[in-house]
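Structure assessment
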Amino acid sequence: SPAIEVSDLTKRYGDTRAVDGVSFSVEPGEVFAILGPNGAGKSTTVEILEGHRDRDGGSVSVFGIDPAKGGREYRDRVGIVLQSAGIDKELTVREVLDLYGAAYTRRRPIDEVLDAVELTEKADARVRTLSGGQQRRVDLALGLIGDPDLLFLDEPTTGFDPTARRRSWDLVRNLTAGGKTVVLTTHYLEEAEQLADRVAVMSGGRIVAEGTPESLRANADRGTVIRFALPAVHAPLSELIDPLVGDASGRDRRIEIVTMA
């Protein structure tokens, strides 16, 4: 049976429907991405799945449990990586994992988790001394310390530069290779394509498209818009545009290309 089953889920804030009749399922061991811009309803949907927010309508089942009524048994099976964990930065990395790990009835050995997130050498460093990318790995370690069956990743690479984002993707791939079920929220199309088995695209509280990254690309019927500014010294414009099939326009050094290729 599915690890997650959601049917006609709704959530209102006053007159606003943040989640408006959302339905989807996630299979065990699957990486499922919810993709969309800020305000699309991603975080509200995931907070309901986590059991942190009540729904107004519809049904939700996670491992056969209603998250709103799951209690300790449910929370023991779920790991959550928030955009910001708000941990005490005066603690060492090891102390943080020991503190948060005490909340779980089963937990992974701290050294094993440190190795998984590539922080073994920083185990005794205070969190405040870590780089932004290393602190994000601490957040990920907190999601793993309880050895969850289901891991929620809430926009795990927001604010990262491209190099740090790709390193984080490698880290998530290593984690998901162990067969855990993962629900990922992101507004980066490339991130969903790299990490997810299936993607649900949300807009205005609704799922407007769902499928594998490959099927969503195949069904796209609109061109891609590429915009960039040329440096003061650059190759001839024809060399930049020739590999693409589409229409190009420009003003000063700003170029826009609409391509189906």
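Here the structure is shown first, and the text comes after it.
Small disclaimer: the values here were computed from a predicted structure and weren't measured.

**Concerning the sheet that holds strand β1 (residues 4-13)**
- One open sheet accounts for three strands, arranged β2-β1-β4; its pairing is antiparallel. Only two strands of the sheet have a single partner each, and these edge strands are β2 (16-26) and β4 (57-62). Pairwise comparison of adjacent strand axes, ignoring direction, gives a mean angle of 25° for this sheet.
- Bridge analysis of β1 against β4 gives five bridges, and the strand direction is antiparallel. Considered in β4, the bridge of S7 is made with S59.
- Each of β1, β2 and β4 touches helix α1 (residues 42-50); the most contacted strand, β1, lies at about 120° to it.

**Quick word on the side chain of T186**
- Looking at where T186 falls in the secondary structure, it is placed in strand β7 (residues 181-186).
- Within the local environment of T186, its side chain forms a polar contact with the side chain of E191, the two groups lying 2.9 Å apart.

**Focus on the pairing of strand β12 (residues 254-259)**
- Of the two faces of β12, only one is covered, namely that formed by I255, I257 and T259; the face formed by R254, E256 and V258 stays uncovered.
- Bridge count between strand β10 (residues 224-229) and β12: six bridges; the pairing is antiparallel. The residue of β12 that forms the bridge with R227 is E256.

**Notes on the sheet that holds strand β3 (residues 31-35)**
- Overall, mixed pairing links the six strands, which are arranged β5-β6-β7-β3-β8-β9 in an open sheet. Edge positions in the sheet fall to β5 (78-81) and β9 (206-211), since each of these pairs with one other strand and no more. Strand after strand, the sheet turns through a mean of 15° between neighbouring axes, direction not considered.
- Where β3 and β7 come together, five bridges link them in parallel fashion. Bridge pairing in β7 places I34 opposite T185.
- Here helix α5 (residues 132-144) sits on the sheet in contact with β5 and β6 (150-154), set at roughly 165° to β5.

**Quick word on unusual backbone geometry**
- Backbone geometry at D147 places phi at a positive 50°, although glycine is not the residue there.
- Despite not being glycine, E155 has its phi angle at roughly 45°, a positive value.
- Position of E155 relative to the elements: it lies in the loop between β6 and α6 (162-176).
- What makes E155 buried here is its relative accessible area of 5%.

**Observations concerning the pairing of β1**
- In this structure, β1 lies alongside β2, joined through eight bridges in antiparallel fashion. Following the sheet pairing, R12 is matched in β2 by R17.
- Hairpin connection, β1 to β2: the antiparallel pair is bridged by two residues, and G14 has positive phi, about 65°.

**Re the packing of α5 against α6**
- Viewed as axis vectors pointing N to C, α5 and α6 meet at an angle of 10°, and their least axial separation amounts to 12 Å. As the angle between them shows, α5 and α6 are arranged roughly parallel. Like other packed secondary-structure pairs, α5 and α6 cross with a definite hand, here right-handed. Residue-level contacts link R137, L140 and L144 of α5 to R167, L171 and L175 of α6.
- Grouping the constituent residues of the contact of α5 with α6 by class yields four nonpolar, no polar and two charged.

**Here's the deal with empty space enclosed by the protein**
- In total, this model carries two cavities of 30 Å³ or more according to the counting rule given.
- Estimates place the volume of the largest cavity at around 120 Å³.
- Lining the largest cavity are 14 residues, and of these R136, L140, P156, S168 and L171 sit closest to its centre.
- Elements with a minimum of two residues in the lining of the largest cavity: α5, α6 and α7 (189-195).
- Looking at side-chain class alone, the lining of the largest cavity contains eight nonpolar, three polar and three charged residues.
- Within this model, the second largest cavity holds a volume of roughly 40 Å³.
- If you trace the second largest cavity, you find it lined by I48, G51, R53, D54, R55, V60, D66, P67 and A68.
- The class makeup of the residues in the lining of the second largest cavity is four nonpolar, one polar and four charged.

Basis of the calculations
- Residues numbered from 1 in each chain as written.
- Predicted model: local features only at pLDDT ≥ 70, side-chain atom pairs only at ≥ 80, totals over all residues.
- Heavy atoms only, no water.
- Pairing = 2+ DSSP bridges.
- Helix = DSSP H or I, 4+ residues; strand = E, 2+ residues; numbered from the N terminus.
- Axes fitted to C-alpha atoms, helices over the stretch in contact; angles between N-to-C directions.
- Contact = heavy atoms within 4.5 Å.
- Polar contact = N/O pair within 3.5 Å; in protein donor to acceptor, adjacent residues only side chain to side chain.
- Buried < 20%, exposed > 50% of the residue type's maximum accessible area, 1.4 Å probe, protein only.
- Parallel < 35°, antiparallel > 145°, perpendicular 65-115°, else oblique.
- Left-handed = near helix turned anticlockwise from the far one by under 90°.
- Nonpolar A, V, L, I, M, F, W, Y, C, P; charged D, E, K, R; others polar.
- 1 Å grid on protein atoms, 1.4 Å probe; cavity = no way out; pocket = protein on both sides within 12 Å on 5 of 7 lines; lining within 4 Å.
- Points joined across faces, edges and corners; volume = space filled by probe spheres on them.

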